[in-house]
Amino acid sequence: MAARLLDRLNLCRMVGETAYGLVPDAALVLADGQIRYCGPKGDLPKEWHGLDAEGLDGRLVTPALIDCHTHLIFGGNRALEFEMRLQGRSYEDIARAGGGINSTVQATRQLTEDQLVETALPRLNALTAEGVATVEIKSGYGLTIADELKMLRAARRLQALSGIRICTTYLAAHTTPPEYKGRAGDYISEVVLPGMTAGAAEGLIDAVDAFCENIAFSTSETRTVFEHARLLGLPVKLHAEQLSDQGGAALAAEFAALSADHLEYLSPAGIAAMAAAGTVAVLLPGAFYTLRETMVPPVEGMRAAGVPMALASDCNPGTSPITSLLLTMNMAATLFRMTPEEALAGATRNAALALGLQNEIGTVEAGKRAELAVWSIEHPAELAYRIGFNPLHSSIIEKN
């Protein structure tokens, strides 16, 4: 593949612990799907001097954005539950009354694989229109072996249709379906574990997740899921400490989880365990906002402990019906008091770490994949500052 030279750009490399890594008047060389050079135009190696340059007229280039936690594939919607919450019903009340996740399960089971792809594609397109080039998609709305695998196959098809990377996560341990009410252990042994084995054999699973919460699965039940994932050689992540402190983050760290997500009720002990294990904290301000929560994740404590903080849309029909990672970044800054720099790192460098892809994407460095976003802005802080505005000029996703 012929090399491309891009110049007259301002580069935001996202290299370093706390720095945007800004390089003014920069140049980029892309070839064979990789970044070959990134840095000051004046330092461009002689081997690339003969290339015809494509000028970007002073626009800002960052790593392509990464949405590392979504439930993008589902049937139906839960707008009526949104009304119920506004009338005073809690998320737990709605879930215990048969709403919540189980209402989406019924709608999802009724759709074919083709229909799941068709309904999810507009949501995916909304993300990619904002410079997102990697999206994680979870199962978890099927809750039978056949329906969970149907969701994962739909996710794989979305990758082929969209041309971006889709990371699939097996989340059969999302909630206990009605037919197994009061028999969570049987559901895990009869559906979650054999479904995981089948999905892994078919190459459908990149990681395994669970919902460890007082309305979902206990730490002991979650441990059973994680132990099976370990036997299959699959990395794990966890919905943890969203509504209460169940000790899920510490359990995730024990299994060297890629990430623990939500974390509103994360304890100092959980922070310490995650820091020691290198487990990423994935913060989901869309769910915090939609549920009108008041317990803010302990950002200062995680920052002090050196826990990497990623951000994601958590796109789902019930608690975060958001298809904008830019809005998520603004919410993180406004609601969680993250800095704009932390917000951008959360949607690039640390999001890659939360997916185990830190050696491939998330920063602009020679040798990494050529997945970039070009913005019509002057400074990267504008990405978290603006509300309801998309300054994306173009996306660059070079293939091998």
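Parameters and conventions
- Residues numbered from 1 in each chain as written.
- Predicted model: local features only at pLDDT ≥ 70, side-chain atom pairs only at ≥ 80, totals over all residues.
- Heavy atoms only, no water.
- UniProt positions renumbered as here; feature names shortened; annotations may be inferred.
- 1 Å grid on protein atoms, 1.4 Å probe; cavity = no way out; pocket = protein on both sides within 12 Å on 5 of 7 lines; lining within 4 Å.
- Helix = DSSP H or I, 4+ residues; strand = E, 2+ residues; numbered from the N terminus.
- Buried < 20%, exposed > 50% of the residue type's maximum accessible area, 1.4 Å probe, protein only.
- Contact = heavy atoms within 4.5 Å.
- Domains from an automatic or database assignment.
- Buried area = accessible area lost by both parts, 1.4 Å probe.
- Phe/Tyr/Trp six-rings, centres within 6.5 Å; stacked < 30°, edge-to-face > 60°.
- Lys NZ or Arg CZ within 6 Å of the ring centre and 35° of its normal.
- pLDDT = per-residue confidence, 0-100.
- Pairing = 2+ DSSP bridges.
- Axes fitted to C-alpha atoms, helices over the stretch in contact; angles between N-to-C directions.

**Quick word on the UniProt feature "binding site: 4-imidazolone-5-propanoate" (unreviewed entry) in the protein chain**
The UniProt feature table records "binding site: 4-imidazolone-5-propanoate" (unreviewed entry) at Arg78, Tyr141, His174, Gln242 and Thr319. Annotated residues from the preceding list that form part of the lining of the largest cavity: these are Arg78, Tyr141, His174, Gln242 and Thr319. Along the polypeptide, Arg78 turns up in the loop between β5 (65-67) and α1 (79-86). For Arg78, a relative accessible area of 5% translates into the label buried. Mapped onto the elements of the fold, Tyr141 is located in the loop between β6 (132-138) and α5 (145-162). Those residues within four positions of Tyr141 in sequence are excluded, and the remaining contacts are His71, Ile73, Phe74, Ile101, Thr104, Val105, Thr108, Glu148, Met151, His174, Asn316 and Pro317.

**Side note on the domain arrangement of the protein chain**
Interface size is commonly expressed as the accessible surface area that is lost when the partners come together. According to the domain assignment, the protein chain contains domain 1 (4-63 + 363-397) and domain 2 (65-354). Domain 1 and domain 2 are separated by 31 Å when their C-alpha centres are compared. Facing the 27 residues of domain 1 at the interface are 21 residues of domain 2. Taking both sides of the interface into account, the surface hidden between domain 1 and domain 2 amounts to around 1800 Å²; carbon and sulfur atoms contribute 59%.

**Structural notes on the packing of aromatic side chains**
The description of two aromatic rings rests on the distance between their centres and on the angle between their planes. Here the structure, examined in full by the defined rule, presents five aromatic pairs. Here the guanidinium or amino end of Arg123 rests over the ring plane of Phe74, the centre of that ring lying 3.7 Å away.

**Points about the confidence of the model for the protein chain**
Confidence in the prediction of the protein chain, expressed as mean pLDDT, is 95, and 99% of residues score 70 or more. Mean pLDDT per element in the protein chain: helix α2 (residues 91-96) is the minimum at 75, and β5 is the maximum at 99.

**A word on the sheet that holds strand β4 (residues 53-63)**
As summarised here, the arrangement of the six strands in space is β3-β2-β1-β4-β13-β14, forming an open sheet in which the pairing is mixed. Because the sheet does not close on itself, it has two edges, and the strands there are β3 (34-40) and β14 (392-397). Taken over all neighbouring pairs, the strand axes of this sheet differ in orientation by 40° on average, direction set aside. Summarising the sheet, strand β1 (residues 4-12) and strand β2 (residues 22-31) pair through six bridges and their orientation is antiparallel. Bridged to Cys12 within β2 is Leu22.

**So, the sheet that holds β5**
With parallel pairing, eight strands are arranged side by side in an open sheet as β5-β6-β7-β8-β9-β10-β11-β12. At either end of the open sheet lies a strand with only one pairing partner, and these are β5 and β12 (309-311). For this sheet, the mean inter-axis angle between neighbouring strands, taken without regard to orientation, is 25°. Sheet topology note: the β5/β6 ladder contains three bridges and is parallel. For Asp67, the partnering residue across the bridge sits in β6 and is Val135. Along the sheet, helix α4 (residues 113-128) makes contact with β5, β6 and β7 (165-173), crossing β6 at roughly 140°. Contacts between α5 and the sheet are confined to β6 and β7, with β7 contributing the most and set at about 170° to the helix.

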